[in-house]
Structures are given as structure tokens and as C-alpha cells.
Amino acid sequence: MGKAVKSKGVSYFIDSLWYNNATFSMVLGICSALAVTTNLLNALVMGISVTVVLIISSMAISLMRNIIPERVRIITFMLIISTFVIMVDFILKIYLPPVSKALGPYVGLIITNCILMGRAEAFAIKQPPYYSFMDSLGSGIGYTLSIMVLAAVRELLGAGSLFGVQVLGDSWDGWGLIMIPSGAFFVLGFYIMFANMIQRRFINRKITG
Amino acid sequence: MKTLILIFFASVLTNNIALTYFLGMCPFIAISKNTKAASGMGMAVTYVMVITAIVNYTIYTFVLIPMGLEYLAFLIFIIVIAGIVQVLEMLVERFFPVLYTSFGIFLPLITVNCAILGLSLFMILRDYSFLQMIFYSLGSGLGWWLAIAAMAGLRRMLMLSEPLASLGDAGITVILAGFMALSFFGFSGILPA
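These numbers come from a predicted model, not from an experiment.

### What to know about the overall build of chain A
- Across its full length, chain A carries nine helices and two strands.
- Reading chain A from its N terminus to its C terminus gives the helix and strand order α-α-α-α-α-α-α-β-β-α-α.
- With the C-alpha coordinates aligned to their principal axes, the bounding extent of chain A is approximately 60 × 50 × 30 Å.
- A total of 209 residues make up chain A; the buried ones form 50% of that total.
- Looking at chain A as shown, the accessible area adds up to about 9800 Å², and 69% of this sits on carbon and sulfur atoms.
- Seen as two clouds, the 15 positive and the 8 negative side-chain charges of chain A have centres 12 Å apart.

Set out below in C-alpha cells:
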């Protein structure tokens, strides 16, 4: 593998990890980002599942990019993605039954997660497998980190714990608002705001420096 | 009868599919800029939801369960949804040109709307009977419509104000959705638990 190919791959990785981060830059795939972030463990499992499905399906689509007819590409993407989602669902059911129960229908909803369709349509259908791999790895890790941040804030403020371990002590009553659905919207809104603030500063510095 | 009415009102108000289960969030944020488009999308979602729920329910109970193929549910459901959306688009365009201009253009977007697939998955998780399923899907569709139309109305007001620049268009919409979810949460008093 040439050096140019490698560095281009790395730049795709960073691009989709930060500048085009699905959660705060493009606001995609937030159904699950809102629903599974009541505790860190669920968020971690969900993030890993999405990343795995994203990587495998992107590479599969990228390998088949020359033989998928353009008119039926959307349904082809869906069939490829749902096949891998069924596999992930089985693995979760067997090895992590409590988490699988808590995630409920949101595992199945990975199929319609806009991130997967978006990466397939915008990237994997046009690029060779190695670039698709780096791109989907970046998107997947970006998504996982985003929902981990949301889940950490919600679990810490709502239940006073992290990964189920009490950290704020018994005196912390738990902030009920954060745990109900509207709390999820508020936390996500402020998360988008802070991420945009950091990103602006980052970009400004790059231009002036 | 009473349970049917309860299921209907619960799915419209207290367990609103957009504001409590966060389904269909991508179009909820992307298409709620304009009231007319939002309403058209809501109408399309309601139609597709009821039709796909009926077809998916029938296939699941009469084909997948007797053959022991429940694990194929995701795959079958998504094929059914994509197929129905395609057929519906053609039929509406051919026979109801007026309706087509009001919501037909949103039909292709609906295949990837997670509210539709989510509804089918919730329906089998909760073991609804046929009638319950009809009321549930109709209520969920109307609830989604109500939520996106209300959001579009709120965002019209937003044009007159200047939210923080870093919040961006999406950020302020998410915060607004939070307040809306809070007010819908208040409806929980009207239904017995």
C-alpha cells in the first residue's frame, strides 16, 4: 500500500470522525442516540453494534459497487445492512441478554439508522474498500464517542452512577428530568452547542495559525 | 373497546412515537422547517404506517410464526416497507394526482423513516391483537403528524428570534423538541396507568 493511499485513508478517517461527525455536525442517527443513552453500558453496546454493522456493510457495498444497478441501490443497501443487523441481534441475544432486552427494538432500528444509509450512499458506493473501511471506522467511532458522552452525562446526573457504579454517593437524589425523554432532547441540544463551539474555535485557529 | 381507545390515545399523546420513543427523528428535524411540507410528511407517514402495519402483522402471524422464521422479521419487514412505499407512490401518482402533489414527493423518503420499521417492531414486541394493532398504528401515525406539524409551527416563530449561533438550526430544534416532549409528558395524567 502506497504512502499516499495511507494518508488519504487517515484523512477520510479524521474527516468522518470529527468534521462530519454524524451526531453533532450532521444530526443523523439521533433516534438511537436519544433512546439508548440512559446508561453507559447500553450506549457502549449500541455504539459498538452500529460500528460493526457500518464497517462490514460499507466494505461489502464498496466491493460490490460496480455490480449494484443504480435504480435498485437503496433496497440493495437495506438488504445488506439488515442481514448484518440480524447477525448482531443474535450475538447480543446470546451473549448479553439483559442489554439486548434493554435496547429492545432499537437494535433492529439500526437498519434505518441514517448514518448507515448515508455513508453507503455518499461514500461506499463510490470508493474502494480500504477508504470505505477508514471512513466507516471514523463514523462509527465518532458515533460511539458521541453517545457515550450523552450517556455519561445522563447517567451521572440522573442516577449518580457511571457503568452502574455509584460515584456521587447516597446524597445524590438523581435528577429525574434528565432520565425522561425530554431530558434526552435537552442534553443532545446542549451537546450539539458545545461541540459546535469547540469546532468553531478549532477551525478559526487553523485558519489564523 | 375500552382498551382500544386507551391504546389509541396513549399512542397519540402520552407515548407519542416521536417525542417518547424518538422514532423518525431525521425527517422530524429536516422537514419541519415549513408547515406545509411537515403536514404532507405527517400525512404520508400515517398512511404508510397503517398499511405496512397491517401487511407486516399478517405476514408475521400467518407465515413467519407457523414456519418458525421469526428471526427473519427485520429482513421481511424492511422489504415489505420498501415495496409498499414504491407501489403506493405509483398508485397515488396515477389515480390521485392532487394528493400526489401534497404528500407524494415524501413517499420515497419514508422507506428510511425509522418510525415505520419501529412501529412494526413494537407491535410484535407487545403482542397486540389485530384490532389493537390497527388502533395502535393509526394513533402512532396521527401522533407523529401532530408532533411534526406542531414543531413546524414552533419553528415559524423561531424566524423572528435569534438563537445562539453555535446552537445552529438543528440544536435549537432539538431543544424545542425537548420542551414539546415535556408538555406531552403532562398528558400522562389524563390516562389511567
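Still more to cover.
### As for the interface of chain A and chain B
- Contact residues are listed per partner, giving 39 residues for chain A and 38 residues for chain B.
- For the pair chain A and chain B, the two sides together bury roughly 3200 Å², of which 86% comes from carbon and sulfur.
- Where chain A packs against chain B, one counts zero salt bridges.
- Inspection of the region where chain A meets chain B yields one residue pair in polar contact (both at pLDDT 80 or more).

### Here we look at unusual backbone geometry
Residues and elements named next belong to chain B.
- Here the phi dihedral of Phe22 falls at roughly 55°; this positive angle occurs in a residue that is not glycine.
- You will see that Asp127, though not glycine, has its phi angle at about 55°, which is positive.
- With respect to the helices and strands, Asp127 occurs in the loop between helix H7 (114–125) and helix H8 (130–158).
- The class for Asp127 is exposed, based on a relative accessible area of 65%.

Rules behind the numbers
- Residues numbered from 1 in each chain as written.
- Chains lettered and ligands numbered in written order.
- Predicted model: local features only at pLDDT ≥ 70, side-chain atom pairs only at ≥ 80, totals over all residues.
- Heavy atoms only, no water.
- Helix = DSSP H or I, 4+ residues; strand = E, 2+ residues; numbered from the N terminus.
- Buried < 20%, exposed > 50% of the residue type's maximum accessible area, 1.4 Å probe, protein only.
- Areas by Shrake-Rupley, 256 points an atom, 1.4 Å probe, with all protein chains shown as cover.
- Lys, Arg positive; Asp, Glu negative; His and termini not counted.
- Charge placed at Lys NZ, Arg CZ, Asp CG, Glu CD.
- Contact = heavy atoms within 4.5 Å.
- Buried area = accessible area lost by both parts, 1.4 Å probe.
- Salt bridge = Lys/Arg side-chain N within 4 Å of Asp/Glu carboxyl O.
- Polar contact = N/O pair within 3.5 Å; in protein donor to acceptor, adjacent residues only side chain to side chain.

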